[in-house]
Protein chains: 2
Amino acid sequence: MKNFRLTTFLTSNVTGIDNESLNLLFDKCSLKKYKGGEYLIQPDENCQHSFFVEKGLLRQYAIDKKGKEHTIQFAPEGWLMTDRESVFFSEPSKYYIQAIEDSTVLMIEPKVFEALAKENKSFQRFNNRLLQNHIRQLQYRINLLLSATAEERYLDFIKTYPDILLRVPQTMVATYLGIAPESLSRVRKNLANKSS
Amino acid sequence: MKNFRLTTFLTSNVTGIDNESLNLLFDKCSLKKYKGGEYLIQPDENCQHSFFVEKGLLRQYAIDKKGKEHTIQFAPEGWLMTDRESVFFSEPSKYYIQAIEDSTVLMIEPKVFEALAKENKSFQRFNNRLLQNHIRQLQYRINLLLSATAEERYLDFIKTYPDILLRVPQTMVATYLGIAPESLSRVRKNLANKSS
DNA sequence: TTTCTTTCTTAACATACATCAATGCGCAAC
DNA sequence: GTTGCGCATTGATGTATGTTAAGAAAGAAA
């Protein structure tokens, strides 16, 4: 069996997953490679998969009426990215999911996860925890957007995603923080002056 | 059996819930009354319940370091309000949950929901849908905060929660939208001028 | 190397929204 | 009725961030 990151992801979080179920899982998943810049999903498509990032870096973002990009989230290796709205509610997606670097992605059909959940209680609990965790993180971000300045949000980003910071262009970080790239540049300059 | 709103909430969303399980459920829940202004939860307490609003109106909010309030959400009759972070992860809460009007609330222990989920697949799916829906709504709000002006956010609020708008002071709506009460007042004035 | 392209920085100016302070309005208590 | 209190409005002013436009750096391509 190939040494997938997903294997580690599952076995270290779910008890009672044997090699057999894992092999079954991988049989039903396809492994896809994307060049940096390519899209996994675009608006109005139906998202049919969860994407587990084996290698590389994905980004989910929206474009508003004024033509501006807003990054929903980043996902580096070892992360699971989905457009839950589209997958769960079978609605056309509102988002782009794009490979920022050359990436290798495991395409997982929701059915496969459902089947796994049915036969393994521990996986089901894990799945539930993923959801709860997602909610926690979204609420944290809302709080930040409501209460923190651009600088505070940037500092929080550095602290939370130091690895990602180094791998994506500043412009994209700016669209995640909800500020103009020029403003981010200013924020960084201010911080540099302060610390010296 | 008393005619609870929660009964409707459950039977209209979950198939195969019989009166027996409902009675068992209600046996394990307590019904509490709160005066307008009273707190169900305050920061640093451990939230041990889900709150189903039978009557009245609840609000969940945080106070940031600068002393400003930020409303996370409102919950009128027929809504379920929880501090998921505190309940699920057994952490002290960061939030206030307050009765805005005189309210009657069913206090539900998470264990009770878990037990119900174990014996009823349909309830489990419903519970899952609640989570997915919550995520959808939070993402929608993040998008709004990232992309929309104060006026646009207010218009969205009116459209989405017309009933709530009439029941809470403007100050609280402002803390939900993430703007100063004075700004909300001006937004409203502008809209009034436009439409006339 | 040189060229071309993308990203980042900087500065001048514009704008949305916050803050502060004063006034007005509705409503309960007396 | 009058008083007092909470909430909404309004105006003057401040500030953070957006916008526009130009140039500098850093990579990629040739």
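Quick caveat, the model's predicted, so the values are computed rather than measured.

K.L.:
Got a minute to help me understand the protein's contact with DNA strand C in this structure?
P.N.:
Looking at DNA strand C, there are 16 residues lining it, with A:Gln170, A:Ser185, B:Thr149, B:Ala180 and B:Ser183 nearest. Listing elements by their share of the surface near DNA strand C, those giving two or more residues are α8 (170–177) and α9 (181–195) of chain A together with α6 (150–160) and α9 (181–195) of chain B. By residue number, the principal contributor to the surface near DNA strand C is α9(A), which donates 6 residues. Partitioning the surface near DNA strand C into residue classes produces 5 nonpolar, 5 polar and 6 charged.

K.L.:
So what exactly am I meant to see when it comes to the relation of the copies chain B and chain A here?
P.N.:
Taken as rigid bodies, chain B and chain A are interconverted by a rotation of 180° and an axial shift of 0.0 Å, the fit giving an RMSD of 0.0 Å. Each copy turns onto its partner about a two-fold axis.

K.L.:
Just checking my understanding: could you explain the interface of chain B and chain A for this structure?
P.N.:
How large an interface is tends to be reported as the accessible area lost when its parts come together. On the chain A side, the residues contacting the 22 residues of chain B number 22 residues. When residues of the side of chain B that touches chain A are traced back to their parent elements, those giving at least two are β5 (69–76), α3 (84–89) and α5 (121–147) of chain B. For the side of chain B that touches chain A, the element with the highest residue contribution is α5(B), accounting for 13 residues.

K.L.:
Could you clarify how one ought to interpret the packing of helix α4 (residues 110–119) of chain A against helix α5 (residues 121–147) of chain A in this entry?
P.N.:
Helix packing for two helices is described by the angle between their axes and how far apart those axes are. Residue and element names in this part refer to chain A. α5 packs onto α4 with a crossing angle of 125° between their chain directions and a minimal axis gap of 5 Å. With respect to α5, the element α4 is oriented oblique. Contacts between α4 and α5 pair Phe 113, Leu 116 and Ala 117 from the former with Phe 123, Gln 124 and Asn 127 from the latter. Its residues assigned to classes, the contact of α4 with α5 shows 4 nonpolar, 2 polar and no charged.

K.L.:
Mind showing me how you'd approach unusual backbone geometry here?
P.N.:
Trans peptide bonds make up the majority, and among non-glycine residues the majority have a negative phi. All names here are of chain A. Despite not being glycine, Asp 44 has its phi angle at roughly 80°, a positive value. In this structure, Asp 44 sits in the loop between β2 (39–41) and β3 (50–55). Since 9 C-beta atoms lie within 10 Å of it, Asp 44 is described here as exposed. Phi at Ser 90 takes a positive value of approximately 50°, unusual for a residue other than glycine. Along the polypeptide, Ser 90 turns up in the loop between α3 (84–89) and β7 (96–99). Given 11 C-beta atoms within a 10 Å radius, Ser 90 is considered exposed.

K.L.:
Before we go on, may I ask you to explain the protein's contact with DNA strand D in this structure?
P.N.:
Lining the immediate surroundings of DNA strand D are 16 residues, of which A:Thr149, A:Ala150, A:Ser183, B:Gln170 and B:Ser185 lie closest. Every element with two or more residues in the surface near DNA strand D is listed here: α6 (150–160) and α9 of chain A together with α8 (170–177) and α9 of chain B. Looking at which element gives the most residues to the surface near DNA strand D, the answer is α9(B), with 6 residues. A per-class count over the surface near DNA strand D returns 5 nonpolar, 5 polar and 6 charged.

K.L.:
Just checking my understanding: could you explain the pairing of strand β3 (residues 50–55) of chain B for this structure?
P.N.:
Successive residues of a regular strand alternate their side chains across the two faces of the sheet. Residues and elements named next belong to chain B. As paired elements, β3 and strand β8 (residues 103–108) share 5 bridges and run antiparallel to each other. The residue bridging Phe 52 from the neighbouring strand is Leu 106, located in β8. Pairing of β3 with strand β6 (residues 80–81), which is carried by 2 bridges, proceeds in the antiparallel orientation. Bridge pairing in β6 places Phe 52 opposite Leu 80.

K.L.:
Looking at this structure, how should I read the environment of B:Tyr161?
P.N.:
Residue and element names in this part refer to chain B. As for its placement among the helices and strands, Tyr 161 is situated in the loop between α6 and α7 (162–165). Of the residues examined, Tyr 161 has 17 C-beta atoms within 10 Å and is grouped as partly exposed. Each C-alpha atom of the pair Tyr 161 and Ser 185 lies 18 Å from the other, and the pair is 24 residues apart in sequence.

K.L.:
I would appreciate a short explanation of the sheet that holds β3(B) in the present structure.
P.N.:
Hydrogen bonds along the backbone pair up the strands of a sheet, which may run parallel or antiparallel. Pairing within the open sheet is antiparallel, and its 4 strands lie in the order β1-β8-β3-β6 (chain B). At either end of the open sheet lies a strand with only one pairing partner, and these are β1 (30–34) and β6 of chain B.

So, how was this worked out
Residues numbered from 1 in each chain as written. Chains lettered and ligands numbered in written order. Predicted model: local features only at pLDDT ≥ 70, side-chain atom pairs only at ≥ 80, totals over all residues. Near = placed C-beta within 6 Å. Helix = DSSP H or I, 4+ residues; strand = E, 2+ residues; numbered from the N terminus. Nonpolar A, V, L, I, M, F, W, Y, C, P; charged D, E, K, R; others polar. Least-squares fit on C-alpha atoms with pLDDT ≥ 70 in both. Contact = placed C-beta atoms within 7 Å. Axes fitted to C-alpha atoms, helices over the stretch in contact; angles between N-to-C directions. Parallel < 35°, antiparallel > 145°, perpendicular 65-115°, else oblique. Buried ≥ 20, exposed ≤ 12 C-beta atoms within 10 Å, placed from the backbone. Pairing = 2+ DSSP bridges.

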